[in-house]
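What follows is each chain in one-letter form.
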Amino acid sequence: MEVFNKFYSSVSNTVSQLSGVLPGNPVTREFEATQYIASAGPGLLWKVYKGYKKSTKQEASIFVFEKKQLERWSKTDRDIMIDILKRGIVQLTKLRHPQILTVQHSLEESRESLAFATEPVFASLANILGNTENMPQPVPNNVVNYKLYEVEIKYGLMQIAEGLAFLHNDVKLLHHNICPESIIVNQQGAWKIFGFDFCIANQSMTGSAPFWPFTEYCQAMPPLTQPALDYLAPEYILSASHSPASDIYSLGMFIYAIHSTGHQTLGNIGNDYGKFKRFVNEIKNLPPSRLFCVNEGLREFVKLMLNATPELRPDPHQFLKIPYFEDVGVKTLNYLDSLFQWDNLQKSQFYKGLPQIIQKMPHRICIYRILPCLTKEFVNPPMVPFVLPNVLLIAENSTKDEYIKYILPVLKPVMLIQDPIQILLIFMQKMELLLKLTPGDEVKSDILPMLYRALESDAQQIQELCLSVLPTFASLIDYPAMKNALLPRIKKLCISTNYISVRVNCLLCLGKLLEHLDKWLVLDEIIPFLPQIPSREPAVLMGILGIYKLTLSHKKLGITKEVMATKVLPFLIPLCVENGLTLNQFNALISLVKQMISKVEAEHRTKLEQLNSIQNESKVMEQALTSSENLVPAAPQTDIDKMFSGLGIDPFSFNNKQEKNEPAALNVNESGSLSIEDKQRIAQQQESARKFSRQHPPHVIPAPVIVPPPQLSKPVDLTSSLLQSNLNQLTTRPLQPASSISQPTPIVTQTVPNYNLNVGNTSANLGYQNSSIPFDNQLALPPSTGWTQPMGNFSNPSGNFNNKWANNQNNQNSMKQDWSAFESLLPNQNQNSTNNNNPVKKLNTSEMMDLLS
């Protein structure tokens, strides 16, 4: 928050200053000033503001002169100073040269100020050398910490010499005030000539020798209205003349000031004209020791430039040819400034050797001088593959802030270029650097789409490089982009490519991306995709195997047993018999198959054990509740039954068919407990069974014995005789063993009502009218009948069938039931007929004859 407050206060102060400086000035209509950065011109009267053009947002610098600075002088002097300043800007506006400051908007005057706009500048050379007069306070850190490198000085001096050559030879103009206040360093670090306030134009006619009128120095005038005495040539005093050589002397003194301690001139004159005269006499016999501060390669030529005789000084062209400028860095900077003059072949050769030079150049020069020249070539796609490596080399030595401010904005348009294909290749090779310096938002918006295009390209090397760098920033890719954009492209490339290396790299890339995916995305997108890969080369199989291993062992992912059993193992097991596998590859594959089978076995066994325990608990509870109803003991198991037991087919066996007649199975929920409805039903059944067992069996009232009336003797009827014989056979068979009969038992004739016996599910209607043998509460059937073992519900030894017609032994001993009618239904009924002791009436001969007749 404190930083924001400082920024807000500085902006507010700047806006308030500008509103007071530029009210009504026409420059403000087209340009917006944002920051006060430097000062320049005679006496550093011009304030320099950083700004931009409103219509195009193009950067610019706005020079402002506040008329209130001249209030200490008289109106005449103020008018002279303003005229001089206006004259210098008008002259500057007319000149167009690379080494002369470029004016973007001509001078505008208002009641309060003068203002004009130029190309973006950093500061004047006077500010850089330590003269901070008329500068913002505190002085900006970039100016305070600015250090001039030797290559900058060399190339700067070369630029000034080239500018003077242009002025002297082409324009025929004397600058007349070459000094640090008149040299501007632009935003790229180039030195530009400024301060034409005291320039002298050629007054001769065309074709004749140039003539520059001489104006003698006037001590009565304010110093700001005349050239600086420290850089004024001695011929102003000695011969009252000037020439292009005068500017060469000023340049020599300027070189000395740059190299000297404290950046002072030789004479350190200031505004003292008398001291200037004395120094002119000293300069004639200048000892070489005074120039020891100057660079050794330049010292001899500076001495010649400061010679009191103008004719002995070198001209600008001669100065440019001295060995001092035979420097690789200087030539490189000079070549970059003149690139527009060369064809693509010459440029490509230069760019190929540029990386070696960049590594030796100061970083600031690379950022501010070399980089702007290189980025101009990005509009020429055929040259981009030659320029881009140099730009990325500069980025390697840049801080993240420098990269974001100066390099990333020019790289974004290049990332969209797909032809030539080498551009993508270079980006892929330097992707690690880009990811390190590029903010996350720009990675998503610019770099990731470039990688998508690389995956869709036809170049094998680009595809492999792209696949190798994708996992390094997978954490920056959001889930929808990963699922809908990246994974489908990788899968498509893996299936469609004809290169095994690309397919293997696709699998390796997927394996590295697994840790950034969730379980369900892997199960839905990755696992079903692997069997679709058409290739079965060992390298591809090992890539697939690696993905399965990672998925199986990763604690966040894991493959379910269902997926392993139904999708993975059916795919992997046939691969085990591939002939192209090496022994190590086969061992790895079979080991994974065994591991998966073991995992499926363990997990499913655990699940079945849990389910089986629940079923056993429910069966035990069901058996406990229904044990009182099981009247027949279970039959013993045979060897065959034991063989098939435990295989889960018991519910379908014949022995278990009786379960269908049992009460409905209880509803057991997953936790093994009965539902509340089942518990209520079972309790009601138990209560009903207890009540029913406590009830006495019903008392059966015997039917009254009806004695038939005596019948009169009738003639013997053969049919009746046969019927009577059959009835006698039915009624005279004993129901007890012969050994238990000691004497004939009298026949008791009684009428027994019809009873409907329900035995099991079998109903038998037993109807008897006459019975002569008592029934002693039990069925006494001979062994020969085959009815030795009671069936169904007759297993109760007491003979109590728990039904309404059950006989009560205590209450009905006196009543003997005659069940002899059953005997006609049994086999071998005549077997024991001889044992019948009951008398049978035999017919005599006459009766037989009558019957036969």
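Conventions used here
- Throughout this document, residue positions are counted from 1 along each chain, in the order its sequence is written.
- With pLDDT at 70 or above as the cut-off, local features in this predicted model cover only qualifying residues; side-chain atom pairs require 80 or more to be listed or tallied, and sums for whole chains, interfaces and linings still use all residues.
- Excluded from the side-chain calculation are hydrogens and water; included are all heavy atoms of the structure.
- To qualify as a helix, a DSSP run of H or I must reach at least 4 residues; to qualify as a strand, a run of E must reach at least 2; elements of each kind are numbered from the N terminus.
- Each residue is placed in one exposure class: buried if its accessible area under a 1.4 Å probe, protein chains only, is under 20% of its type's maximum, exposed if it is over 50%, and partly exposed if it falls in between.
- In short, Shrake-Rupley with a 1.4 Å probe defines the accessible areas, and a residue's cover is counted only from the protein chains shown.
- By this definition, two strands are paired if DSSP reports at least two bridges between them.
- Here an axis means a line fitted to C-alpha atoms, over the contact stretch when the element is a helix, while the angle between two N-to-C directions is reported on a 0 to 180 degree scale.
- The contact definition used throughout considers only heavy atoms, calling two residues in contact when any of these lie within 4.5 Å.
- Multiply 1.5 Å by the residue count of a helix minus one, and that product is the helix's expected span.
- Throughout, nonpolar core names a set of buried Ala, Val, Leu, Ile, Met, Phe, Trp, Tyr and Cys residues whose side chains join them through atoms within 4.5 Å.
- Note on aromatic pairs: the rings of Phe, Tyr and Trp (six-membered ring only in Trp) are paired at centre separations within 6.5 Å, and the planes decide the class, stacked below 30 degrees, edge-to-face beyond 60, tilted for the rest.
- For a Lys NZ or an Arg CZ to count as sitting over a ring, it must be within 6 Å of the ring centre and within 35 degrees of the ring normal.
- The cut-offs work like this: below 35 degrees is roughly parallel, past 145 is roughly antiparallel, 65 to 115 is roughly perpendicular, and the gaps in between are oblique.
- It is the rotation of the near helix from the far one that decides the hand of a crossing: anticlockwise by less than a right angle makes it left-handed, clockwise makes it right-handed.
- Gly is placed with the polar residues, together with every amino acid not listed as nonpolar (Ala, Val, Leu, Ile, Met, Phe, Trp, Tyr, Cys and Pro) or charged (Asp, Glu, Lys and Arg).
- Sulfur atoms of two cysteines make up a disulfide when they are within 2.5 Å.
- One number per residue, pLDDT, summarises how confident the predictor is, and it ranges from 0 to 100.

A. Geometry of the overall build of the protein chain. When its secondary structure is counted, the protein chain shows 30 helices and twelve strands. Residues counted as buried form 41% of the 853 residues belonging to the protein chain. Counting every atom, the protein chain has about 47800 Å² of accessible surface; 54% of that belongs to carbon and sulfur.

B. Structural view of the sheet that holds strand S2 (residues 46-53). Strand order in the open sheet formed by five strands is S1-S2-S3-S5-S4, and the pairing between neighbours is antiparallel. Every interior strand has two partners, whereas the edge strands, strand S1 (31-40) and strand S4 (103-109), have only one. Neighbour-to-neighbour, the strand axes of the sheet open up by a mean angle of 25 degrees, direction not taken into account. Sheet topology note: the strand S3 (residues 59-66)/strand S5 (residues 113-118) ladder contains six bridges and is antiparallel. Opposite Ile-62, over in S5, you have Ala-117 as the bridge partner. Across the sheet, helix H3 (residues 75-94) is in contact with S2, S3, S4 and S5; its angle to S4 comes to roughly 155 degrees.

C. The arrangement of helix H6 (residues 150-171) in detail. When the terminal C-alpha atoms of H6 are compared, their 30 Å separation across 22 residues agrees well with the 32 Å that a helix rising 1.5 Å per residue should span. One or two positions beyond H6, positive phi appears at Lys-172, with a value near 60 degrees.

D. Just the sheet that holds strand S6 (residues 121-124), in detail. Strand order in the open sheet formed by three strands is S6-S8-S9, and the pairing between neighbours is antiparallel. Each of the sheet's edge strands pairs with one partner strand only, and the pair in question is S6 and strand S9 (191-193). Pairwise comparison of adjacent strand axes, ignoring direction, gives a mean angle of 35 degrees for this sheet. Here H6 sits on the sheet in contact with strand S8 (183-186) and S9, set at roughly 25 degrees to S9.

E. Main features of the nonpolar core. Counting 200 residues, the largest nonpolar core has Leu-157 and Tyr-548 as the members making the most contacts within it. The biggest single contributor to this core is H6, with ten residues. With near-sequence residues (within four places) excluded, Leu-157 lies in contact with Trp-191, Leu-251, Phe-254, Ile-255, Ile-258, Leu-298, Phe-319, Tyr-324 and Phe-325.

F. Representation of the packing of aromatic side chains. Inspection of every chain in the model, using the stated rule, returns 18 aromatic pairs. Ring geometry for Tyr-324 versus Phe-325: centroids 5.2 Å apart, planes at 75 degrees, classification edge-to-face. An identical accessibility class is assigned to Tyr-324 and Phe-325; each is buried. One aromatic cluster is present, built from ring pairs that chain together Trp-46, Phe-63, Phe-65, Phe-116 and Phe-194. A cation over an aromatic ring shows up here: Lys-154 above the ring of Tyr-324, its NZ or CZ 5.1 Å from the ring centre.

G. Spatial organisation of the packing of helix H19 (residues 440-455) against helix H20 (residues 460-469). One can describe the packing of H19 onto H20 by two numbers: an axis separation of 8 Å at closest approach and a directional angle of 140 degrees. Relative to H20, H19 is oriented oblique. Judged by the twist between their axes, the crossing of H19 over H20 is left-handed. Contact residues: Leu-451, Ala-454 and Leu-455 in H19; Ile-462, Gln-463, Cys-466, Leu-467 and Val-469 in H20. Of the residues in the contact of H19 with H20, the class split is seven nonpolar, one polar and no charged.

H. Expanded view of the pairing of S1. Among the ten residues of S1, seven are classified as buried, and the element is accordingly described as predominantly covered. Alignment of S1 against S2, held across eight bridges, turns out to be antiparallel. When the sheet's bridge partners are listed, Gln-35 is paired in S2 with Lys-50. Connecting S1 to the next strand, S2, in antiparallel fashion are five residues, including Gly-41 with a positive phi near 85 degrees.

I. Looking closely at helix H15 (residues 384-396). Compared with an ideal rise of 1.5 Å per residue, which puts 13 residues at 18 Å, H15 spans 18 Å between its outermost C-alpha atoms and is within 8% of the ideal. Of all the 13 residues making up H15, ten are buried; the element is thus mostly covered by neighbouring parts of the structure. Looking at H15, one finds that the buried residues are Val-384, Pro-385, Val-387, Leu-388, Asn-390, Val-391, Leu-392, Leu-393, Ile-394 and Ala-395. Contacts made by the buried residues of H15 are with helix H13 (344-358), helix H14 (363-375), helix H16 (400-415), helix H17 (422-429) and helix H18 (431-437).

J. Local environment of the state of the cysteines. Across all of its chains, the model carries zero disulfides by this definition. Cys-509 takes part in no disulfide bond, and the closest cysteine sulfur to it belongs to Cys-506, at a distance of 7.2 Å.

K. Structural context of the confidence of the model for the protein chain. Residues with a pLDDT of 70 or more make up 73% of the protein chain, whose mean pLDDT is 78. Mean pLDDT in the protein chain bottoms out at strand S11 (residues 755-759), which sits at 39, and peaks at S9, which reaches 96. Residue range residues 11-16 is modelled with pLDDT below 50. Its contacts to residues more than four positions away, or to other chains, number three contacts. Low confidence marks residues 628-632, where pLDDT is under 50. Its contacts with residues over four positions away, or in another chain, come to four contacts.

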